Amino acid sequence: MTKLHEVKFPAECTSLPGGFWSAVDVWIKKPHVVNKRLCGATETPSEEVGTEDLGVMLDPKSTDCHDVLSFLTGGCPAAGGDTWTLSVRTFISKVNCYGSTSHKEFVLKDFDRLQVTFVPFEEDASGEVCQKMANVYQIRLVQRDVEEWFLELRVLAAAGWSCDGVAYPRLVWLSSVLLPRLLRWAADPAASQFKSTLSLLPVEKYGLMYQQLKDKYRALVKVWPEVTDPEKFVYEDVAIATYLLVLWGEERAEKGMTNKQSFVDLGCGNGLLVHILSNEGHPGKGIDVRRRKIWVMYGPQTCLEEKAITPGEGFLFPATDWLIGNHSDELTPWIPVMAARSSFSCRYFLLPCCFYDFYGKFQRRRCGTTQYKEYIDYIAEVSRASGFHTDEDCLRIPSTKRVCLVGKSRSYPPADGDQAEERRASYIRSRWLGTVVLPSATEGEGGGGGDHDGDHDGEHGGGCHVNEDVNPAGTPGSNWGVGFQPRERVEKVRNCAALPRDFVDSVVLRVATALLGLAMDEGPPAAPADDVIWNQGESMSVREVAELLDHDTLLRLKSECGGLQTLLKNNHQVFRVEGGRVHIRDWRGGSEEQGRAEVKRGRPVAAGALKTRSCWFHAHHPQGCPLQAALCCFAHGPLDLRPSTKPLMKMKWSAV
């Protein structure tokens, strides 16, 4: 028996010993949050066992059994007999490196001694068990004096410890990674409150299928023709496809179905999810208002349609089993309604991202919670109003918006369909009356966050116009989608890049002169003297900068995503925007590194990439550029300007 390592709790910690058991439960039930080589774990229901029961399980004829029992009791058995709370944990690895052998542990909680012991064993397909007594370890909560608490890691036989980095981690990992993490979770119970993921699925099936699909479709990363990050979006869609395939497999087993479910992906974007589901044998199609470049790579077996989607009789799918909304933006609240009105048997899967109501942007009504949480609650309310039993789950995808909603069954019998439709129509009318719609001239912020897929566009060209004389909810048989404005087929560029150059230059000059404390008509810059300090100007808040501009200019900027702040950031040769304040950029500090930032992030600087744009400071600053022409990344005059020589990207095209 060896005490391998210990860590001390901060003196102000007040969560013990309860926090210790909360932290232990995270490690038992969700080991993947700290061991990234695991997909998860399953645990049997716990039961109380005594020394005799435990001895039978550990093979009483073995000398190792006596060592383990001594390890559990610390060599001091309780006078009235010892009892433990026993469960069996089975590891699920991300990569199946164990074949048909299951790696498991007896988990023994001792609430009197404040310790938990892990006794590993392996079980093959025939049920043969091999115990791994050399890898028995224990985590103990120890109190010394009155207010000193320690977390200890003990092992039964450090010399014989074997590791594979998955089910059997290295001792140094247990000491340096797991133990400090347990201490943090125990000291701050809020830190151990991880949202359950994959709660509607068997995790072991998910882990196995995800690895298979990842290996099968990873080649798409190398030939991705879109401007979005290929690794993020390929593996995200692989994870979503895995979730749906396992969910549908469980549904077939539960209902005794033989045919694979059909689907329609509304707002399918890059179409990869449709491609994977179709390749895996599910009949279906994707619809999106705009064709993507990658569509041609999938081949004829992947059905993708370029079409604007408007909720109404023309977009009901009575023969379809599932409707999918994956970052479906303005269609998001409509998908439960469309599924409910398509047929009584139609189900839906929804992964909300951008915040839309039925006829415009979603308006917050609650404080004390995040906008994302409020929106998820709202879509769940729409689902219930549409007549669905609604499940919520959290996906394992590289995104901050991972919560999905699933409507698998109805909350009413088929005979009550008319009454259910009345409730649906009434609910949509109530949202119609309460919707605040932004006209296109003043719509500023695009939907979605920083991790929003460029192939599931978060911005709209124009707002939603509401016709007050139209009944929005209608009923099946009427045009109940009137008032909904689908996005335009040609995507508008609304990041200030399409604004006229003279307009942008005038705004930049006005803001820069205000920061420098100059008048607008002081004339051309003079050469700076050697003994004069170069004027870096002052800083202003974005609000103060906005007050410098006239109303028409602000309205014009407001029609672009991000507005004034986006324009300032786009002109980062001149400005530095940090913490909501605007500064004049000084290129004298790390000019080479900042020059590299001129090139699009993530791409190397080509030999002729510098000096392809004119230096703003050389042309407009009263003291000129603070750098000599040879050191400046930008051109000092026409003779210093080089033509842009952007290399053509070579793309290997092949059907996957």
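Everything here concerns the structure above.
Residues numbered from 1 in each chain as written. Predicted model: local features only at pLDDT ≥ 70, side-chain atom pairs only at ≥ 80, totals over all residues. Heavy atoms only, no water.

S.K.: What is the right way to look at the overall build of the protein in this model?
M.R.: Summing up its helical and strand segments, the protein has 17 helices and 19 strands in all. Counting every position in the protein, which comprises 656 residues, the buried fraction comes to 49%. In the protein, the share of contacts with a sequence separation of at least 24, taken over all contacts with a separation of at least 6, comes to 67%. In the form shown here, the protein has an accessible surface area of approximately 31200 Å², with 52% of it arising from carbon and sulfur atoms. (Helix = DSSP H or I, 4+ residues; strand = E, 2+ residues; numbered from the N terminus. Buried < 20%, exposed > 50% of the residue type's maximum accessible area, 1.4 Å probe, protein only. Contact = heavy atoms within 4.5 Å. Areas by Shrake-Rupley, 256 points an atom, 1.4 Å probe, with all protein chains shown as cover.)

S.K.: Please explain the packing of aromatic side chains as it appears in this structure.
M.R.: For the structure shown, the criterion picks out 22 aromatic pairs. Ring geometry for phenylalanine 118 versus tyrosine 137: centroids 4.8 Å apart, planes at 20°, classification stacked. Residue phenylalanine 118 is located in strand S6 (residues 115–123), and its partner tyrosine 137 is located in strand S8 (residues 137–144); the two are separated by 19 residues in the primary sequence. For phenylalanine 118, a relative accessible area of 0% puts it in the buried group. Ring plane angle 75° and centroid distance 4.8 Å describe the contact between tryptophan 334 and phenylalanine 358, whose orientation is recorded as edge-to-face. Taken together, the residues span a long stretch of sequence, with tryptophan 334 in helix H9 (residues 334–342) and phenylalanine 358 in the loop between strand S14 (347–351) and helix H10 (371–385) at a distance of 24 residues. Assigned by exposure class, tryptophan 334 and phenylalanine 358 land together as buried. Taken together, the ring pairs in this structure connect Trp334, Phe358, Tyr359 and Tyr427 into an aromatic cluster. Stacked on the ring of tryptophan 27, the Lys or Arg arginine 89 has its end atom at 4.9 Å from the ring centre. (Phe/Tyr/Trp six-rings, centres within 6.5 Å; stacked < 30°, edge-to-face > 60°. Lys NZ or Arg CZ within 6 Å of the ring centre and 35° of its normal.)

S.K.: Is there a simple way to explain the pattern of salt bridges in this structure?
M.R.: Oppositely charged side chains may form a pair once their charged atoms are brought near each other. Overall, the coordinates contain 33 salt bridges when judged by the stated rule. With a closest N to O distance of 2.5 Å, arginine 341 and glutamate 421 form a salt bridge. Here arginine 341 is found in helix H9, whereas its partner glutamate 421 is found in helix H11 (residues 417–434), with 80 residues between them in sequence. Considered together, arginine 341 and glutamate 421 belong to a single accessibility category, that of buried residues. (Salt bridge = Lys/Arg side-chain N within 4 Å of Asp/Glu carboxyl O.)

S.K.: Just to check I follow, could you spell out the side chain of arginine 347 for this structure?
M.R.: Within the secondary structure, arginine 347 is located in strand S14. Assessed through its relative accessible area of 7%, arginine 347 is described here as buried. Only 3.0 Å separates the side chain of arginine 347 from the side chain of glutamate 251, close enough to count as a polar contact. Excluding residues within four positions of it along the chain, arginine 347 makes contact with Glu251, Lys255, Met257, Gln261, Asp321, Trp322, Leu323, Ala339, Phe388, Gly407 and Lys408. (Polar contact = N/O pair within 3.5 Å; in protein donor to acceptor, adjacent residues only side chain to side chain.)

S.K.: Is there a simple way to think about the pairing of strand S4 (residues 83–93) in this case?
M.R.: Successive residues of a regular strand alternate their side chains across the two faces of the sheet. S4 sits mainly inside the fold: ten of its eleven residues count as buried. With four bridges connecting them, strand S3 (residues 47–50) and S4 associate as antiparallel partners. Looking at the pairing, valine 49 lines up with tryptophan 84 of S4. (Pairing = 2+ DSSP bridges.)

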